[in-house]
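Listed below, chain by chain, are the residues.
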Amino acid sequence: MVTLEKISKTYDKGKVKAVTDVSLSVEKGELFGLIGPDGAGKSTIFRILTTLLLPDTGKATVAGLDTVKDFRKIRGCVGYMPGRFSLYQDLTVEENLNFFASLFGTTVTENYALIKDIYQQIEPFKTRRAGKLSGGMKQKLALCCALVHRPEVLFLDEPTTGVDAVSRKEFWDMLQRLKAQGITILVSTPYMDEADLCQRIALIQDGKILSIDTPQNIVKAYPGDLYAVKSGSLHKILLDIRQYPGTLSCFAFGEYLHVAFKPASPSAAGPPASSEPAGLKKYLEDKGHKEVEIKKITPGIEDNFIRMMGDKTDRYEQ
Amino acid sequence: MKQFLVFVRKEFYHVFRDRRTLLILFGLPIVQILLFGFALTTEIKNAKIVVVDYARDVASQQIITRIAASSYFSIGQSAMTYEEMYKSFREGKVKCALVFPANFNNDLLHSNKAQVQIIADASDPNTARTLTNYLTAIIGSYQDQLNATVTIPYRILPETRMLYNPEMNGSMNFIPGVIALVLMIVCTTLTSVSIVKEKEMGTMEVLLVSPFKPLYVILSKAVPYLALSLINFIIILLMGVFLLHVPIRGNIFLLFAESTLFIISCLSFGLLISGLTNSQQTAMLVSMMGMMLPTILFTGFLFPLENMPVPLQVIANIIPSKWYYSIVKAIMLKGLGFAYVWKETLILIGMTAILLTISLKRFKIRLQ
Amino acid sequence: MNSETTGKAIETTSKASETTGKAIVCKDLSKQFGDFIAVDKISFEVNSGEIYGFLGANGAGKTTAMRMLCGLSYPTGGEATVAGFNVYKQQESIKKNIGYMSQKFSLYENLSIKENIEFYGGVYGLTDQQLQQKGDELIARLGLEKEAKKMVGGLPLGWKQKLAFSVAIIHQPKIVFLDEPTGGVDPVTRRQFWDLIYEASDKGITVFVTTHYMDEAEYCNRISIMVDGRIDALDTPANLKKQYSARTMNEVFYALARGAKRAAD
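Residue numbers run consecutively from 1 along every chain, following the written order of its sequence. Chains carry letters and ligands carry numbers; both start at the beginning, A for chains and 1 for ligands, and go up in the order they are written. Confidence filtering applies because this is a predicted model: local features only for residues at pLDDT of at least 70, side-chain atom pairs given and counted only at 80 or more, and all residues used for totals across whole chains, interfaces and linings.

## Side note on the overall build of chain C
Next up, step 1: Strands are runs of DSSP state E lasting at least two residues, helices are runs of H or I lasting at least four, and both sets are numbered from the N terminus onward. Counting its regular elements, chain C contains 10 helices and 10 strands.
Next up, step 2: The C-alpha atoms of chain C give a radius of gyration of 19 Å, which matches the 18 Å a tight globule of 265 residues would have.
Next up, step 3: Counting the 265 residues in chain C, one finds 49% classified as buried.
Next up, step 4: The contacts of chain C with a sequence gap of at least 6 include a subset with a gap of at least 24, amounting to 71%. The size measure is the radius of gyration over C-alpha atoms, and the globule rule it meets is 2.2 Å times the number of residues to the 0.38 power. Exposure criterion: with C-beta atoms placed from backbone coordinates, a residue whose C-beta has 20 or more other C-beta atoms within 10 Å is buried, one with 12 or fewer is exposed, and one in between is partly exposed. Residues are treated as contacting if the C-beta atoms built from their backbones sit within 7 Å of each other.

Shown next as structure tokens:
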């Protein structure tokens, strides 16, 4: 339904490499997530797919149409919700929806069934100006406006950024229901925890794809075991674990530290020494940490993302 | 104190690294001085004058020679009929005329006094007054020359007639100019901000990803402002007529039609500016400040265009308000019909068409 | 209640002796705009050297409360001292003794790293010698020696944030206020940022931070959660999870935010 083949895009006469050699494809009816932090290239990819930007190299298609040559046709059959919920601030909820419906040559009533669940939540405020809505309501209205013409593909660029936690969860529930109706949805988000709610995801950082797969497969692909370590003082234990010779990586995750161990043999592959994690526990207790808890855990998307980002020291390197 | 200097140093960094600020700092004063230095002159040179000489005798010839020698005047034609003279006035070709009656010299010799008629286009009362004074002075000096050697003085009595504006009402010239200025600035600013606002708010991005037509977007932005500007125009007109006693001598429908055309051309100008800028602030700045100076200078109601150096007069030709101003004066003050303003109308239509075409072509259907 | 009464009606007796050891003391602090009560009688204390998480949904009143504590706006009710200084009467002293950094604005993009350091150092009142020394330390810590003369605008987002934080504490303030400092940044840089926060805390700087990331709530010694202008929870992360029978802070937050009126309207 949506394809990107070796897409690259630079800004500022090549000085800023927004997207480099990105290839991915999304099947019809899929809920696909593009996961990555600010500046990763998510918005650039979305703009290329919605025909707003021309890629420097590569080819992109939506519903089988080329984004460069057939851009007009694509613009007629996709729904787009850019980062800032582009709504007309001084038009009311109703007026916004009616405008977008007529823009696409349809009416609100024609496809009401599709947006009913969402619209009903903001219907009590239908005469309120869009500028006066809360973040969560704007998000719902923007979604309705993008759906009102029953698009084949829905592009949602960071729809949950800057919105409260409750609305975020509700939004994803709405997306699941939409997927059930057969709409292909591409969502971008910087929140790693939302990755699990997608059918398939692409992890992107600095304009390059780190991985494309189902969340479950990405998690399964984590090499080796991951452990969560906890004790009384978070900060001290972090420093100590980092100094432990057997530690491969150690990152804070809330009250636990996720620790991976170096492989036993000098070659890069292979399991860690069988003495781990007990060796770490003894080391920490020797250092004076009390109630050290170490347990094996299933790595999450964020663990994988961090691993795929590679070695990033905290000193600046270009 | 040290803290203060720290702030000052930072501000200097900001200033020197912002090209736009530097342009305003250094570019603007230079342009202004050049413009005002050359354009701001109330001195009149080479004003076109025609002479209707029924006398064709020695005295009239001598006076005409003096006028020709003066740098204030340039004689268009020195042997016209009354009818031809009025036509020249109507067409705006001439600002001033001198009429010698048939027995000019004889009257002088035999009665020691003779009359001449000075006719001036008083739709611009200041210029009319100045020209009349110059002429009177030239005639006066001829009179003095005659009287230098005689005991009984000769008297040449100029009878002055102010065309179109006998009361020398200053507003006559001013109101059409103000109408042009106000419409130009308001209409341009309103539309220029409108499109840029969508770009800034981000709604343009969503609009682009839809089966929209650029022509609809552009025209739909202009329509409400057209209606409101016409209302604006009516208000200014009413104020001019009832408060400042400016007449509407010509066809009011023609005036309306021409004004609608002018408003559309201003709106198109605004749309063009819209396509060139990316922020509302810049759009507003360019429309208001950027347009105000050229409009005031080059419309011709504050500083007569004929007094400017030729390059500036050429520039004036691309300012729509210049053409509209002559149209309004012709219709309102001189009571003339379409036959006299068709050229200017055509030019305005042409300008509007070009502006709209460029705006359409420049409308970016992509974000970059 | 009248709108926008300045705090002049409220006498603050000298409480300096009672507040030693406390970086921030807040009692019934309120801010009202007309009929709208943005901050509704919040009370809490922050200990010196603590990392205090100030959480809440968008629109809950966090930013308004922070502005009052930074000496940027007058409360309309209640009392508070920051670094021992009264928020009504000693706003200038507060500003001299705190650092501030937010996601929206950190450093001047068209000044170089060094110029930014010089500017802020000068504003905070450092002597030339101190500025030189601290500036070099800062640059060395982040490994930015080669980039020191380059424009901040050219740095990646994560580095801008880390740099901004370091500059905000260059004058070793008693407290540093951080407003969503890690928004949108990649997971590794986020954690590096918190390494910097820990270093600052080890040096004795109290850190007052707001964040959207619930896992970051766990890095704090204590947190408070604002809902509809009030503080509905205040405790260590561990205790809060016990209290709400939650496994993660996310669940705690969700349980509290569910009942919020402001988010829905």
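## Describing the nonpolar core
Next up, step 1: With 92 residues, the main nonpolar core has L69, V82, V176, F177, V207 and F208 of chain C as its most contacted residues.
Next up, step 2: Discounting residues that sit within four places of it in the chain, V82 of chain C has contacts with I24, L69, V87, I94, I98 and I175 of chain C.
Next up, step 3: Remark: nonpolar core denotes a set of buried Ala, Val, Leu, Ile, Met, Phe, Trp, Tyr and Cys residues whose joining runs through C-beta atoms within 7 Å. Among the nonpolar cores identified, the runner-up in size contains 77 residues, and V50, I119, V196 and A330 of chain B belong to it.

## Some thoughts on the pairing of strand β5 (residues 155–163) of chain B
Residue and element names in this part refer to chain B.
Next up, step 1: Judged from the nine bridges that link them, strand β4 (residues 113–121) and β5 form a sheet pairing that is parallel. The residue of β5 that forms the bridge with Q117 is E159.
Next up, step 2: Viewed along the sheet, the connection from β4 through helix α6 (residues 125–147) into β5 turns out right-handed. Think of it this way: DSSP has to see at least two bridges between two strands before they count as a pair. When the strands point away from the viewer, a crossover counts as right-handed if the route from the first strand across the helix to the second turns clockwise.

## Structural notes on the interface of chain B and chain C
Next up, step 1: Each partner contributes to the interface: chain B provides seven residues, whereas chain C provides seven residues.
Next up, step 2: Gly is placed with the polar residues, together with every amino acid not listed as nonpolar (Ala, Val, Leu, Ile, Met, Phe, Trp, Tyr, Cys and Pro) or charged (Asp, Glu, Lys and Arg). Residues of the side of chain B that touches chain C, tallied by class, amount to two nonpolar, two polar and three charged.

## A look at the sheet that holds strand β13 (residues 256–261) of chain A
All names here are of chain A.
Next up, step 1: Judged by pairing direction, the sheet is antiparallel, and its four strands sit side by side in the order β12-β13-β11-β14 without closing on themselves. The sheet terminates laterally at β12 (247–253) and β14 (293–297), the two strands that pair on one side only. Between one strand axis and the next, the sheet turns through 30 degrees on average, direction left out of account.
Next up, step 2: Two strands pair when backbone bridges link them, and strand β11 (residues 226–230) and β14 are joined in this way by five bridges, in the antiparallel orientation. Paired with Y227 across the two strands is K296, which belongs to β14. Axis lines are fitted through C-alpha atoms, for helices just across the contact stretch, and the angle between N-to-C directions can take any value from 0 to 180 degrees.

## Section: the confidence of the model for chain C
All names here are of chain C.
Next up, step 1: On average, residues of chain C carry a pLDDT of 85, and 90% of them reach 70 or more.
Next up, step 2: Confidence of the predictor at the level of single residues is given by pLDDT, which spans 0 to 100. The least confident element of chain C is helix α1 (residues 16–19), whose mean pLDDT is 40; the most confident is strand β8 (residues 206–210), at 95.
Next up, step 3: This stretch, residues 1–19, has a pLDDT under 50; its non-local contacts, to residues over four places away or in other chains, come to 19 contacts.
Next up, step 4: The ipTM value of the predicted complex is 0.85, and its pTM value is 0.83.

## Focus on the interface of chain C and chain A
Next up, step 1: Contact residues are listed per partner, giving 32 residues for chain C and 29 residues for chain A.
Next up, step 2: Elements with a contribution of two residues or more to the side of chain C that touches chain A: α6 (157–168), α7 (187–202) and α10 (249–258) of chain C.
Next up, step 3: Ranked by residue count, the leading element in the side of chain C that touches chain A is α7 of chain C, at seven residues.
Next up, step 4: By residue class, the composition of the side of chain C that touches chain A is 18 nonpolar, six polar and eight charged.

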